[in-house]
Amino acid sequence: MSPSEPSLRRAAAFAPSNIALTKYWGKRDARINLPLASSISVALADLGSYTVVQPQPDLPEDVMVVDDQELDPAGMVKVRRVLDQIRELSGSSVYAGLRSVNTVPAARGLASSASAFAALAMAAAQAYGLALDGPLLSRLARSGSGSASRSVPGGFAIWHAGHRADGADSFAEQLYAPDYWPLKVLVARIGGRKKISSTEGMRLQGGGGSPYQAAWIEQCQRDVESCKEALSLKSMRRLAEVVEGNALAMHASMIANRPPLIYWQPATLAVIEAVQQLRADGCECCFTIDAGASVVVLVEPQDARIVAETLAQIEGVEEVLQTHIGPGARIVESREEDL
Ligand code: PMV
(Lines give C-alpha, C1' and ligand atoms only; values in the text may rest on other atoms or scores of the structure.)
Protein backbone atom coordinates (compact mmCIF):
# COMPACT_ATOMS: atom_id res chain seq x y z
CA MET A 1 0.00 0.00 0.00
CA SER A 2 1.46 3.38 -0.96
CA PRO A 3 1.64 6.06 1.78
CA SER A 4 -0.96 8.18 0.01
CA GLU A 5 -3.63 5.47 -0.36
CA PRO A 6 -7.13 6.95 -0.75
CA SER A 7 -9.81 5.90 1.71
CA LEU A 8 -10.91 2.41 0.72
CA ARG A 9 -14.17 0.79 1.76
CA ARG A 10 -16.54 -2.00 0.85
CA ALA A 11 -19.16 -0.89 -1.69
CA ALA A 12 -22.00 -2.60 -3.56
CA ALA A 13 -24.03 -1.73 -6.65
CA PHE A 14 -26.95 -3.16 -8.58
CA ALA A 15 -27.06 -2.78 -12.35
CA PRO A 16 -29.80 -3.89 -14.73
CA SER A 17 -29.40 -6.08 -17.73
CA ASN A 18 -30.29 -4.32 -20.97
CA ILE A 19 -31.77 -5.42 -24.27
CA ALA A 20 -30.63 -3.72 -27.46
CA LEU A 21 -33.35 -2.33 -29.73
CA THR A 22 -30.64 -1.76 -32.36
CA LYS A 23 -27.63 -3.97 -31.82
CA TYR A 24 -23.92 -3.69 -31.12
CA TRP A 25 -22.29 -6.43 -33.16
CA GLY A 26 -18.92 -5.32 -34.53
CA LYS A 27 -15.89 -3.62 -32.96
CA ARG A 28 -13.47 -1.02 -34.24
CA ASP A 29 -11.18 -1.76 -31.28
CA ALA A 30 -11.53 -5.12 -29.53
CA ARG A 31 -9.14 -4.22 -26.69
CA ILE A 32 -11.36 -1.53 -25.17
CA ASN A 33 -14.64 -2.49 -26.88
CA LEU A 34 -15.14 0.40 -29.26
CA PRO A 35 -18.11 -0.34 -31.54
CA LEU A 36 -18.45 0.19 -35.28
CA ALA A 37 -21.95 1.62 -34.83
CA SER A 38 -24.03 3.28 -32.13
CA SER A 39 -26.81 1.23 -30.49
CA ILE A 40 -30.00 1.80 -28.48
CA SER A 41 -31.34 -0.27 -25.58
CA VAL A 42 -33.85 -0.59 -22.79
CA ALA A 43 -32.83 -1.55 -19.23
CA LEU A 44 -34.71 -4.36 -17.51
CA ALA A 45 -36.27 -3.49 -14.17
CA ASP A 46 -35.38 -6.44 -11.95
CA LEU A 47 -33.06 -8.59 -14.01
CA GLY A 48 -29.44 -7.70 -13.37
CA SER A 49 -26.37 -8.08 -11.19
CA TYR A 50 -25.54 -7.20 -7.63
CA THR A 51 -21.78 -6.75 -7.15
CA VAL A 52 -19.75 -6.10 -3.99
CA VAL A 53 -16.18 -4.80 -4.10
CA GLN A 54 -13.87 -4.91 -1.08
CA PRO A 55 -10.35 -3.51 -1.52
CA GLN A 56 -7.99 -5.56 0.66
CA PRO A 57 -4.34 -4.52 1.23
CA ASP A 58 -3.26 -8.14 1.95
CA LEU A 59 -4.53 -9.61 -1.36
CA PRO A 60 -1.80 -10.64 -3.87
CA GLU A 61 -4.23 -10.15 -6.81
CA ASP A 62 -7.88 -9.41 -7.58
CA VAL A 63 -10.29 -12.31 -7.03
CA MET A 64 -13.90 -12.51 -8.10
CA VAL A 65 -16.67 -14.99 -7.37
CA VAL A 66 -19.72 -14.97 -9.65
CA ASP A 67 -22.78 -16.91 -8.56
CA ASP A 68 -20.62 -18.97 -6.13
CA GLN A 69 -17.99 -19.87 -8.74
CA GLU A 70 -14.55 -18.34 -9.05
CA LEU A 71 -14.36 -16.39 -12.30
CA ASP A 72 -12.33 -18.02 -15.09
CA PRO A 73 -9.04 -16.41 -16.32
CA ALA A 74 -10.67 -14.90 -19.46
CA GLY A 75 -13.30 -13.22 -17.29
CA MET A 76 -10.63 -12.00 -14.85
CA VAL A 77 -8.73 -10.26 -17.68
CA LYS A 78 -11.82 -8.12 -18.35
CA VAL A 79 -12.45 -7.47 -14.66
CA ARG A 80 -8.83 -6.40 -14.13
CA ARG A 81 -9.05 -4.07 -17.12
CA VAL A 82 -11.83 -2.15 -15.36
CA LEU A 83 -10.23 -2.30 -11.89
CA ASP A 84 -6.81 -1.17 -13.16
CA GLN A 85 -8.33 1.99 -14.64
CA ILE A 86 -10.14 2.70 -11.38
CA ARG A 87 -6.95 2.15 -9.38
CA GLU A 88 -5.10 4.48 -11.71
CA LEU A 89 -7.74 7.19 -11.28
CA SER A 90 -7.70 6.84 -7.50
CA GLY A 91 -3.93 6.43 -7.11
CA SER A 92 -4.30 3.12 -5.29
CA SER A 93 -2.33 -0.08 -5.74
CA VAL A 94 -4.57 -2.25 -3.55
CA TYR A 95 -6.26 -5.36 -5.01
CA ALA A 96 -9.86 -6.25 -4.32
CA GLY A 97 -12.11 -9.18 -3.54
CA LEU A 98 -15.33 -9.12 -5.55
CA ARG A 99 -18.55 -11.05 -5.48
CA SER A 100 -21.36 -10.84 -7.98
CA VAL A 101 -24.80 -12.41 -7.96
CA ASN A 102 -26.82 -12.44 -11.18
CA THR A 103 -30.56 -12.47 -11.38
CA VAL A 104 -30.20 -13.20 -15.12
CA PRO A 105 -29.42 -16.72 -16.32
CA ALA A 106 -25.93 -16.58 -17.87
CA ALA A 107 -25.24 -17.19 -21.58
CA ARG A 108 -28.84 -17.60 -22.69
CA GLY A 109 -29.06 -14.66 -24.99
CA LEU A 110 -29.62 -12.34 -22.06
CA ALA A 111 -26.70 -10.09 -21.40
CA SER A 112 -25.55 -11.00 -17.87
CA SER A 113 -22.09 -9.57 -18.59
CA ALA A 114 -23.63 -6.17 -19.30
CA SER A 115 -25.20 -5.88 -15.85
CA ALA A 116 -22.17 -7.44 -14.15
CA PHE A 117 -19.67 -4.95 -15.58
CA ALA A 118 -21.93 -1.95 -15.02
CA ALA A 119 -22.39 -2.95 -11.37
CA LEU A 120 -18.66 -3.63 -11.08
CA ALA A 121 -17.66 -0.20 -12.44
CA MET A 122 -20.07 1.62 -10.15
CA ALA A 123 -19.25 -0.36 -6.98
CA ALA A 124 -15.49 -0.25 -7.59
CA ALA A 125 -15.49 3.52 -8.17
CA GLN A 126 -17.22 3.95 -4.82
CA ALA A 127 -14.95 1.42 -3.09
CA TYR A 128 -11.84 3.32 -4.24
CA GLY A 129 -13.25 6.67 -3.14
CA LEU A 130 -14.01 8.12 -6.60
CA ALA A 131 -17.02 10.28 -7.50
CA LEU A 132 -17.31 9.72 -11.26
CA ASP A 133 -19.90 11.11 -13.68
CA GLY A 134 -22.24 8.91 -15.75
CA PRO A 135 -20.27 9.07 -19.02
CA LEU A 136 -17.00 8.05 -17.32
CA LEU A 137 -18.69 5.16 -15.46
CA SER A 138 -20.26 4.10 -18.75
CA ARG A 139 -16.84 4.13 -20.45
CA LEU A 140 -15.30 2.06 -17.65
CA ALA A 141 -18.14 -0.49 -17.85
CA ARG A 142 -17.72 -0.56 -21.65
CA SER A 143 -14.09 -1.60 -21.36
CA GLY A 144 -15.24 -4.77 -19.55
CA SER A 145 -18.15 -5.62 -21.85
CA GLY A 146 -19.34 -3.28 -24.60
CA SER A 147 -23.05 -3.53 -23.90
CA ALA A 148 -22.39 -2.80 -20.20
CA SER A 149 -21.98 0.86 -21.19
CA ARG A 150 -25.78 0.99 -21.73
CA SER A 151 -26.62 -0.57 -18.33
CA VAL A 152 -25.10 2.43 -16.52
CA PRO A 153 -27.68 5.09 -17.57
CA GLY A 154 -30.61 2.64 -17.83
CA GLY A 155 -34.08 3.52 -19.14
CA PHE A 156 -33.98 4.04 -22.92
CA ALA A 157 -30.26 4.51 -23.61
CA ILE A 158 -28.06 5.26 -26.58
CA TRP A 159 -24.41 4.19 -26.75
CA HIS A 160 -22.57 6.62 -29.01
CA ALA A 161 -20.04 4.76 -31.14
CA GLY A 162 -17.68 7.76 -31.01
CA HIS A 163 -14.71 8.40 -33.27
CA ARG A 164 -11.74 8.78 -30.96
CA ALA A 165 -9.10 6.07 -30.73
CA ASP A 166 -8.96 6.35 -26.91
CA GLY A 167 -12.74 5.80 -26.60
CA ALA A 168 -13.34 9.06 -24.69
CA ASP A 169 -16.45 9.76 -26.81
CA SER A 170 -17.78 6.18 -26.74
CA PHE A 171 -20.24 6.02 -23.84
CA ALA A 172 -23.97 5.63 -23.26
CA GLU A 173 -26.50 8.16 -22.00
CA GLN A 174 -30.21 8.11 -21.33
CA LEU A 175 -32.57 9.09 -24.15
CA TYR A 176 -35.71 8.73 -22.04
CA ALA A 177 -36.52 7.78 -18.44
CA PRO A 178 -38.00 4.28 -17.87
CA ASP A 179 -41.57 5.54 -17.50
CA TYR A 180 -41.51 7.56 -20.75
CA TRP A 181 -43.10 4.62 -22.58
CA PRO A 182 -44.11 2.02 -19.95
CA LEU A 183 -43.73 -1.08 -22.10
CA LYS A 184 -43.62 -4.54 -20.59
CA VAL A 185 -40.70 -6.77 -21.48
CA LEU A 186 -41.19 -10.53 -21.81
CA VAL A 187 -38.26 -12.90 -22.11
CA ALA A 188 -39.07 -16.24 -23.73
CA ARG A 189 -36.20 -18.34 -22.42
CA ILE A 190 -35.03 -20.95 -24.90
CA GLY A 191 -32.11 -23.36 -24.80
CA GLY A 192 -29.01 -23.96 -22.69
CA ARG A 193 -25.71 -22.15 -22.68
CA LYS A 194 -24.84 -20.52 -25.98
CA LYS A 195 -21.88 -22.11 -27.71
CA ILE A 196 -20.13 -19.02 -29.02
CA SER A 197 -19.67 -15.99 -26.75
CA SER A 198 -20.35 -12.48 -28.07
CA THR A 199 -16.62 -11.71 -27.87
CA GLU A 200 -15.75 -14.75 -29.99
CA GLY A 201 -18.66 -14.25 -32.38
CA MET A 202 -17.70 -10.62 -33.05
CA ARG A 203 -14.06 -11.63 -33.47
CA LEU A 204 -14.94 -14.28 -36.05
CA GLN A 205 -17.25 -11.95 -37.95
CA GLY A 206 -14.93 -8.93 -37.73
CA GLY A 207 -12.09 -10.89 -39.26
CA GLY A 208 -13.76 -10.84 -42.67
CA GLY A 209 -15.91 -13.88 -41.95
CA SER A 210 -19.25 -12.44 -43.03
CA PRO A 211 -19.83 -11.22 -46.59
CA TYR A 212 -22.59 -9.00 -45.17
CA GLN A 213 -20.53 -7.26 -42.50
CA ALA A 214 -20.22 -3.85 -44.23
CA ALA A 215 -23.93 -3.81 -45.15
CA TRP A 216 -24.84 -4.80 -41.58
CA ILE A 217 -22.90 -1.89 -40.04
CA GLU A 218 -24.39 0.61 -42.52
CA GLN A 219 -27.86 -0.71 -41.67
CA CYS A 220 -27.17 -0.16 -37.96
CA GLN A 221 -26.36 3.49 -38.61
CA ARG A 222 -29.70 3.98 -40.38
CA ASP A 223 -31.59 1.93 -37.79
CA VAL A 224 -30.34 4.04 -34.87
CA GLU A 225 -31.95 7.09 -36.50
CA SER A 226 -35.21 5.22 -37.28
CA CYS A 227 -35.34 3.85 -33.75
CA LYS A 228 -34.93 7.33 -32.23
CA GLU A 229 -37.82 8.49 -34.40
CA ALA A 230 -40.05 5.52 -33.46
CA LEU A 231 -39.35 6.21 -29.78
CA SER A 232 -40.07 9.93 -30.13
CA LEU A 233 -43.48 9.03 -31.67
CA LYS A 234 -44.10 6.10 -29.28
CA SER A 235 -45.17 4.21 -32.38
CA MET A 236 -45.17 0.41 -31.93
CA ARG A 237 -45.65 -0.07 -35.66
CA ARG A 238 -42.50 1.93 -36.43
CA LEU A 239 -40.61 0.36 -33.52
CA ALA A 240 -41.47 -3.17 -34.66
CA GLU A 241 -40.20 -2.43 -38.15
CA VAL A 242 -36.80 -1.22 -36.98
CA VAL A 243 -36.26 -3.47 -33.92
CA GLU A 244 -37.27 -6.72 -35.64
CA GLY A 245 -35.51 -5.74 -38.86
CA ASN A 246 -32.30 -4.91 -37.01
CA ALA A 247 -32.24 -8.19 -35.06
CA LEU A 248 -32.98 -10.22 -38.19
CA ALA A 249 -30.27 -8.37 -40.15
CA MET A 250 -27.75 -9.14 -37.39
CA HIS A 251 -28.67 -12.82 -37.41
CA ALA A 252 -28.55 -12.88 -41.23
CA SER A 253 -24.99 -11.54 -41.08
CA MET A 254 -24.12 -14.12 -38.40
CA ILE A 255 -25.65 -17.04 -40.28
CA ALA A 256 -23.78 -16.02 -43.45
CA ASN A 257 -20.48 -15.93 -41.55
CA ARG A 258 -17.87 -18.59 -42.30
CA PRO A 259 -17.84 -20.47 -39.97
CA PRO A 260 -21.60 -19.89 -39.46
CA LEU A 261 -22.85 -18.38 -36.21
CA ILE A 262 -26.24 -19.98 -35.74
CA TYR A 263 -27.74 -19.09 -32.37
CA TRP A 264 -31.37 -19.99 -33.09
CA GLN A 265 -33.24 -23.09 -32.10
CA PRO A 266 -36.56 -24.25 -33.59
CA ALA A 267 -38.45 -22.54 -30.76
CA THR A 268 -36.79 -19.23 -31.66
CA LEU A 269 -38.51 -19.26 -35.05
CA ALA A 270 -41.78 -20.43 -33.51
CA VAL A 271 -41.75 -17.40 -31.17
CA ILE A 272 -40.97 -15.03 -34.07
CA GLU A 273 -43.99 -16.38 -35.97
CA ALA A 274 -46.22 -16.17 -32.90
CA VAL A 275 -45.28 -12.52 -32.27
CA GLN A 276 -45.94 -11.59 -35.89
CA GLN A 277 -49.33 -13.34 -35.75
CA LEU A 278 -50.21 -11.65 -32.45
CA ARG A 279 -49.41 -8.29 -34.02
CA ALA A 280 -51.51 -9.08 -37.08
CA ASP A 281 -54.34 -9.87 -34.63
CA GLY A 282 -53.99 -6.41 -33.08
CA CYS A 283 -51.53 -6.90 -30.18
CA GLU A 284 -49.04 -4.05 -29.81
CA CYS A 285 -45.78 -6.00 -29.58
CA CYS A 286 -42.46 -6.70 -31.28
CA PHE A 287 -39.52 -9.08 -30.76
CA THR A 288 -35.75 -8.93 -30.67
CA ILE A 289 -33.02 -11.56 -30.28
CA ASP A 290 -29.44 -11.18 -29.00
CA ALA A 291 -26.61 -13.66 -29.50
CA GLY A 292 -28.59 -16.61 -28.22
CA ALA A 293 -31.80 -18.57 -28.80
CA SER A 294 -34.04 -16.66 -26.37
CA VAL A 295 -36.49 -14.08 -27.71
CA VAL A 296 -37.34 -10.81 -25.96
CA VAL A 297 -40.73 -9.22 -26.62
CA LEU A 298 -41.68 -5.59 -25.98
CA VAL A 299 -45.40 -5.19 -25.47
CA GLU A 300 -47.93 -2.54 -24.49
CA PRO A 301 -49.22 -3.32 -20.95
CA GLN A 302 -52.80 -4.13 -22.04
CA ASP A 303 -51.55 -6.92 -24.34
CA ALA A 304 -48.86 -8.38 -22.04
CA ARG A 305 -50.98 -11.18 -20.58
CA ILE A 306 -52.20 -12.65 -23.86
CA VAL A 307 -48.72 -12.45 -25.38
CA ALA A 308 -47.09 -14.10 -22.34
CA GLU A 309 -49.68 -16.88 -22.30
CA THR A 310 -49.26 -17.54 -26.02
CA LEU A 311 -45.45 -17.70 -25.80
CA ALA A 312 -45.52 -19.98 -22.74
CA GLN A 313 -47.40 -22.62 -24.76
CA ILE A 314 -44.75 -22.87 -27.47
CA GLU A 315 -42.71 -26.07 -27.40
CA GLY A 316 -39.12 -25.34 -26.41
CA VAL A 317 -39.95 -22.17 -24.46
CA GLU A 318 -38.74 -23.05 -20.96
CA GLU A 319 -40.09 -20.02 -19.17
CA VAL A 320 -41.50 -16.57 -19.90
CA LEU A 321 -39.96 -13.96 -17.60
CA GLN A 322 -41.97 -10.76 -17.23
CA THR A 323 -40.48 -7.42 -16.40
CA HIS A 324 -40.58 -3.78 -17.48
CA ILE A 325 -38.19 -0.99 -18.34
CA GLY A 326 -36.17 0.16 -15.34
CA PRO A 327 -33.49 2.58 -14.13
CA GLY A 328 -29.72 2.27 -14.46
CA ALA A 329 -26.89 1.22 -12.15
CA ARG A 330 -27.03 2.43 -8.55
CA ILE A 331 -25.16 2.08 -5.28
CA VAL A 332 -26.92 -0.19 -2.81
CA GLU A 333 -26.23 -1.18 0.78
CA SER A 334 -23.43 -3.72 1.10
CA ARG A 335 -23.71 -6.55 3.58
CA GLU A 336 -20.71 -7.94 5.40
CA GLU A 337 -21.76 -11.56 4.78
CA ASP A 338 -21.49 -10.98 1.01
CA LEU A 339 -17.70 -11.21 1.07
O1 PMV B 1 -21.27 -6.63 -24.73
P2 PMV B 1 -21.25 -8.02 -25.23
O3 PMV B 1 -19.85 -8.46 -25.58
O4 PMV B 1 -21.95 -8.96 -24.30
O5 PMV B 1 -22.07 -8.05 -26.63
C6 PMV B 1 -23.45 -7.90 -26.71
C7 PMV B 1 -23.93 -8.25 -28.08
C8 PMV B 1 -25.42 -8.35 -28.28
O9 PMV B 1 -26.07 -8.66 -27.08
C10 PMV B 1 -25.70 -9.46 -29.29
C11 PMV B 1 -26.00 -7.06 -28.87
C12 PMV B 1 -26.17 -5.90 -27.94
O13 PMV B 1 -26.12 -4.77 -28.45
O14 PMV B 1 -26.39 -6.07 -26.74
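Everything quoted here is computed from the prediction, not taken from an experiment. (Residues numbered from 1 in each chain as written. Predicted model: local features only at pLDDT ≥ 70, side-chain atom pairs only at ≥ 80, totals over all residues. Heavy atoms only, no water.)

1. Details of the packing of helix α6 (residues 213-233) against helix α7 (residues 236-255)
Thinking step 1. It is at 8 Å that the axes of α6 and α7 come closest, and there the two elements cross at 160 degrees. With respect to each other, α6 and α7 are oriented roughly antiparallel. In this structure, the crossing between α6 and α7 has a hand that is left-handed. Where α6 approaches α7, its residues Trp216, Cys220, Asp223, Ser226, Cys227, Glu229, Ala230, Leu231 and Leu233 are matched on the opposing element by Arg238, Leu239, Val242, Asn246, Ala249, Met250 and Ser253.
Thinking step 2. Class assignment of the residues belonging to the contact of α6 with α7 gives a composition of ten nonpolar, three polar and three charged. (Axes fitted to C-alpha atoms, helices over the stretch in contact; angles between N-to-C directions. Helix = DSSP H or I, 4+ residues; strand = E, 2+ residues; numbered from the N terminus. Parallel < 35°, antiparallel > 145°, perpendicular 65-115°, else oblique. Left-handed = near helix turned anticlockwise from the far one by under 90°. Contact = heavy atoms within 4.5 Å. Nonpolar A, V, L, I, M, F, W, Y, C, P; charged D, E, K, R; others polar.)

2. Observations concerning the packing of aromatic side chains
Thinking step 1. In total, this model carries five aromatic pairs according to the counting rule given.
Thinking step 2. A ring pair is formed by tryptophan 25 and tyrosine 263, whose centres lie 6.4 Å apart and whose planes are at 90 degrees; its orientation type is edge-to-face. Taken together, the residues span a long stretch of sequence, with tryptophan 25 in the loop between β1 (11-22) and β2 (27-29) and tyrosine 263 in the loop between α7 and α8 (266-280) at a distance of 238 residues. With respect to burial, tryptophan 25 and tyrosine 263 carry one shared label: buried.
Thinking step 3. Taken together, Phe156, Tyr176 and Tyr180 form an aromatic cluster joined through their ring pairs.
Thinking step 4. The cationic tip of lysine 234 hangs over the ring face of tyrosine 180; the distance from NZ or CZ to the ring centre is 4.3 Å. (Phe/Tyr/Trp six-rings, centres within 6.5 Å; stacked < 30°, edge-to-face > 60°. Buried < 20%, exposed > 50% of the residue type's maximum accessible area, 1.4 Å probe, protein only. Lys NZ or Arg CZ within 6 Å of the ring centre and 35° of its normal.)

3. With respect to the state of the cysteines
Thinking step 1. One pass over the structure, following the stated rule, counts zero disulfides.
Thinking step 2. Here cysteine 220 is not disulfide-linked; the sulfur of cysteine 227 is the nearest cysteine sulfur, at 11 Å.
Thinking step 3. On the basis of relative accessible area, cysteine 220 is assigned to the buried category, the value being 1%.
Thinking step 4. Free of any disulfide, cysteine 227 has its nearest neighbouring cysteine sulfur in cysteine 286, separated by 9.1 Å.
Thinking step 5. Classification of cysteine 227 by relative accessible area gives buried; the value is 0%. (Disulfide = S-S within 2.5 Å.)

4. Digging into the side chain of aspartate 62
Thinking step 1. Along the chain, the position of aspartate 62 falls in the loop between β4 (39-55) and β5 (63-66).
Thinking step 2. A polar contact is formed between the side chain of aspartate 62 and the side chain of arginine 87, at a distance of 2.7 Å.
Thinking step 3. Here alanine 96 takes part through its backbone nitrogen, which lies 2.8 Å from a polar atom of the side chain of aspartate 62.
Thinking step 4. Non-local contacts of aspartate 62, meaning those with residues more than four positions away in its chain, are made with Met76, Arg80, Leu83, Arg87, Tyr95 and Ala96. (Polar contact = N/O pair within 3.5 Å; in protein donor to acceptor, adjacent residues only side chain to side chain.)

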